[in-house]
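Residue-level listing of the chains:
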Amino acid sequence: MRNFLQAVVSLSLLICVNAAVSWIATPFNPPAFPLAVRSPYLSAWLPQGSGAALNAQWPTFWTGQIVGWAGFVKVDGKAFSFLGTPNVPGATFAQAVQKSSKFTSTQSIFVLSAGPVDLTITFLSPVEPTDLVKQSIPFSYMAVSAASTDGASHSVQVYSDISAEWVSGDNGLVASWSTTTGSIITHKVQLVNQALFSEVNDHTQYGSAYYSVSNAAGTTFQSGADVVVRAQFINNGKLPNTQDTNFRAISNNWPVFGLSRDLGTVTSALTDPVVFSVGHVRDPAINYIVNNGALQARSLYFWSQFSSVNDVISSFLGDFKNALSRAQTFDNKVQSDANKISADYASIVALSIRQALGATEITISKNADGSFNTNDVIVFMKEISSDGNVNTVDVIFPAWPALLYANPQLGKFLLEGLFRYQASGQYPNKWSVHDLGAHYPNATGHNDGNDEAMPVEESGNMLIMALSYAQKTNDLSQLKQYTSLLDQWTQFLIEDSLIPANQISTDDFAGSLANQTNLAIKGIIGIKAMSQIAQLVGNPAQSANYSSIASKFVSQWQTLATSTTGPHLTLAYGNSASWGLSYNLYADKLLKLNLFPQSVYQMQTAWYKTVAQPFGVPLDTRHTYTKSDWEIWTSGIMTDAVGRDLFISSVKKFASDGLSSQPFGDWYETTNGGPEGFRARPVVGGHLGA
Ligand SMILES: *[C@@H]1O[C@H](CO)[C@@H](O)[C@H](O)[C@H]1NC(C)=O
Ligand SMILES: *[C@@H]1O[C@H](CO)[C@@H](O)[C@H](O)[C@H]1NC(C)=O
Ligand SMILES: *[C@@H]1O[C@H](CO)[C@@H](O)[C@H](O)[C@H]1NC(C)=O
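Conventions used here
Residues numbered from 1 in each chain as written. Chains lettered and ligands numbered in written order. Predicted model: local features only at pLDDT ≥ 70, side-chain atom pairs only at ≥ 80, totals over all residues. Heavy atoms only, no water. UniProt positions renumbered as here; feature names shortened; annotations may be inferred. Helix = DSSP H or I, 4+ residues; strand = E, 2+ residues; numbered from the N terminus. Phe/Tyr/Trp six-rings, centres within 6.5 Å; stacked < 30°, edge-to-face > 60°. Buried < 20%, exposed > 50% of the residue type's maximum accessible area, 1.4 Å probe, protein only. Lys NZ or Arg CZ within 6 Å of the ring centre and 35° of its normal. Near = heavy atom within 4 Å. Polar contact = N/O pair within 3.5 Å; in protein donor to acceptor, adjacent residues only side chain to side chain. Areas by Shrake-Rupley, 256 points an atom, 1.4 Å probe, with all protein chains shown as cover. Nonpolar A, V, L, I, M, F, W, Y, C, P; charged D, E, K, R; others polar. Salt bridge = Lys/Arg side-chain N within 4 Å of Asp/Glu carboxyl O.

As named in an unreviewed UniProt entry, the chain is DUF1793-domain-containing protein, taken from Agrocybe pediades.

(A) View of the UniProt feature "domain: Glutaminase A N-terminal" (unreviewed entry) in the chain. According to UniProt, the positions carrying the feature "domain: Glutaminase A N-terminal" (unreviewed entry) are residues 106-337. End C-alpha to end C-alpha, residues 106-337 measures 15 Å, and it is 19% helix and 44% strand.

(B) Seen up close, the packing of aromatic side chains. Per the counting criterion, the structure on display carries 38 aromatic pairs. Here Phe33 and Phe110 contribute two aromatic rings whose centre-to-centre distance is 4.9 Å and whose plane-to-plane angle is 70°, an arrangement assigned as edge-to-face. Here the residue Phe33 occupies a position in strand 2 (residues 32-39), and Phe110 occupies one in strand 9 (residues 107-114), the gap between them amounting to 77 residues. The pair formed by Phe33 and Phe110 is uniform in burial state, with each residue classed as buried. Of the aromatic side chains, those joined through ring pairs into one cluster are Phe33, Trp69, Phe110, Phe123 and Trp166. Between the NZ or CZ atom of Lys653 and the centre of the ring of Phe615, over which it lies, the distance is 4.4 Å. The aromatic ring of Phe678 is capped on one face by Arg681, whose charged end is 4.1 Å from the ring centroid.

(C) Geometry of the site of ligand 3. Around ligand 3, the neighbouring residues are Gln491, Ile494, Asn545, Tyr546 and Ile549. Between Asn545 and ligand 3, the recorded distance is 2.3 Å, taken from a side-chain N or O atom to an oxygen atom. Protein chains shield 36% of the accessible area of ligand 3, which is 360 Å² for the free molecule. Mapped onto the shell around ligand 3, the elements with two or more residues apiece are helix 11 (483-496) and helix 13 (540-561). Counted by class, the shell around ligand 3 contains three nonpolar, two polar and no charged residues.

(D) Fine view of the site of ligand 2. In the neighbourhood of ligand 2, the contacting residues comprise Ile499, Ala514, Asn515, Leu560 and Tyr573. Here an oxygen atom of ligand 2 and a side-chain polar atom of Asn515 are 2.3 Å apart. Out of a free accessible area of 360 Å², ligand 2 has 36% covered by protein chains. Residues belonging to the shell around ligand 2 are distributed by class as follows: four nonpolar, one polar and no charged.

(E) Focus on the pattern of salt bridges. The tally for this structure, following the rule as stated, stands at 26 salt bridges. Across the pair Arg248 and Asp244 runs a salt bridge, and its minimum N-O distance is 2.8 Å. Owing to a relative accessible area of 6%, Arg248 belongs among the buried residues under this scheme. A relative accessible area of 17% means that Asp244 is categorised as buried. Residues Lys430 and Glu495 are paired through a salt bridge, measuring 3.2 Å at the closest nitrogen-oxygen approach. With Lys430 in the loop between helix 8 (408-423) and strand 26 (442-443) and Glu495 in helix 11, the pair connects residues that are 65 residues apart, well separated along the chain. Taking relative accessible area as the criterion, Lys430 reaches 41% and is therefore assigned partly exposed. Among the charged side chains, a salt-bridge network with shared partners connects Glu383, Lys627, Asp629, Asp666 and Arg681.

Have a look at this one:
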């Protein structure tokens, strides 16, 4: 009886944690669909929880705040909503019915039935890692095409709008807007009172949002109150080409920016898509500390090729067909590469790539004559959701596998800002800085040395990433330029990595601890990495010295770090009952160092199988939560496929369990698959680490 009850209980648990949606979800229904995810400030998602159709939720910024984005279609005079949940008093419309959803590395694709016509809505957030111009353009596409499903022809008009919620985190602030026509119709909207480099609720407070469509035959526009503009389309199937010039607060009779296209007669052949572009541009993008505390305003890379946003939009919209074809090539490559491990793995990777790159911006400075200097590239990354820091070393580090896969140059450019700042001599500590600034987009450094100290963590991370980039590309320039900084951090690791002082690691939420086994691994690998760096830059004597120190440390570490009561590494020396994910061993594999003995890998592989919870192996014995990035890194150090797949399937199970409506969270409970607070963080780039 007890067993029967337990079976019933676990069966019902199983049902409630498996998101059962009424449409076909490929590869699974995620916590949130990326809709327009290109930068820390162009980040629109469709929250899911246990499942929400495209027209059953408003799109939200990564924080969960609504960004108004609506869509209607008229079929033979009958209106259907397909995007967002607008309320339009006095106008009658039905809900299109979602038939399928799909995500790839670059696209989220929905099919909804509007009576006898199916709409295919493709949200394409390009991932163009090897084209710095295209990757730096903070725009995304929504393409809508239609096909008749009943054999008959139908008259179809498509409509979409955005609200002014795209330009601030405070809907009480006053916005202004304008519409330009020509070969493209563009609505532009911004705050009346802008604040350079500022944020409210993580939204930027300067720059403008743009919503555009090509001005093909049958295209109309209108700006005005949400209920007015939407009712106009619902009742008439077109817009009157008028502008509302009563500039007001974002939430005051909600101004929206509508665009509509008459597709004419639609048959069973899928129409060419109506392609909308949505973007947010601010200039300068980043405030970066240079020598002697001076601040340098840096612009997005695309400005080296364009002189106006209208030119950018024209190029972006005109490029849709090619962009889609490049995206499909990229999606297929990711899919086939990741499928070599497993289908579960491929699905996790596909959900992670836009999110990882969507936290970054590629910038350049200006020459003295005001022209852009494309020889001076620095990439910036926002530590989204946890604290907003700029270029946090231990956030770039977990994201590193995605950067290496997409384009290692992006990794080099992310490290460059950190190297250059510390080489300027303004940062006072002997270890590596934690980040370039307490809040994005102010990369103003920490000249007081009071950044969140993670001495072993960040020093090891910098050494590992710098060597990893050089190994991958054979480009030694960064190693040569910053050898003395790298050596300075190594000297620190020699002092503090075998017996790490009481300090936090990247998992700062878990608290500080002395003698952390996993942190020691990081530090020792850092020393060995410097041995290889010394070899590469032509210092074989130093290389041999550091190599022998690292090897000596490994054997001492093995004695200190192995539990005396069970076959596993400890969380901290001397606490034999403790254990944790020794994900830092991943760097030994990544750099092909063979520094730690195979027996350690075998021991950990066997151990984790005995301590896994329903949603994976806990981060360590202090709590039952874990981190998805470290689960996947640990999968990468397993010595057998069963061990590897245990971690991968756990992360997939979490991502598909229907308990979260936040953009892919990396911190979650292993016991029940519930999400913790982190969301939309670039560390999901670590999901490429298996
Ligand atoms: C960046 O620095 C400027 C100038 O000090 C400040 O006004 C702004 O609020 C800062 N931005 C953030 C996001 O903290
Ligand atoms: C760290 O480990 C070393 C070596 O076992 C030991 O001497 C030291 O007391 C430990 N430190 C702390 C704070 O426990
Ligand atoms: C090896 O490096 C350590 C740490 O920098 C240094 O103290 C020692 O003198 C070096 N040994 C040799 C032989 O260079």
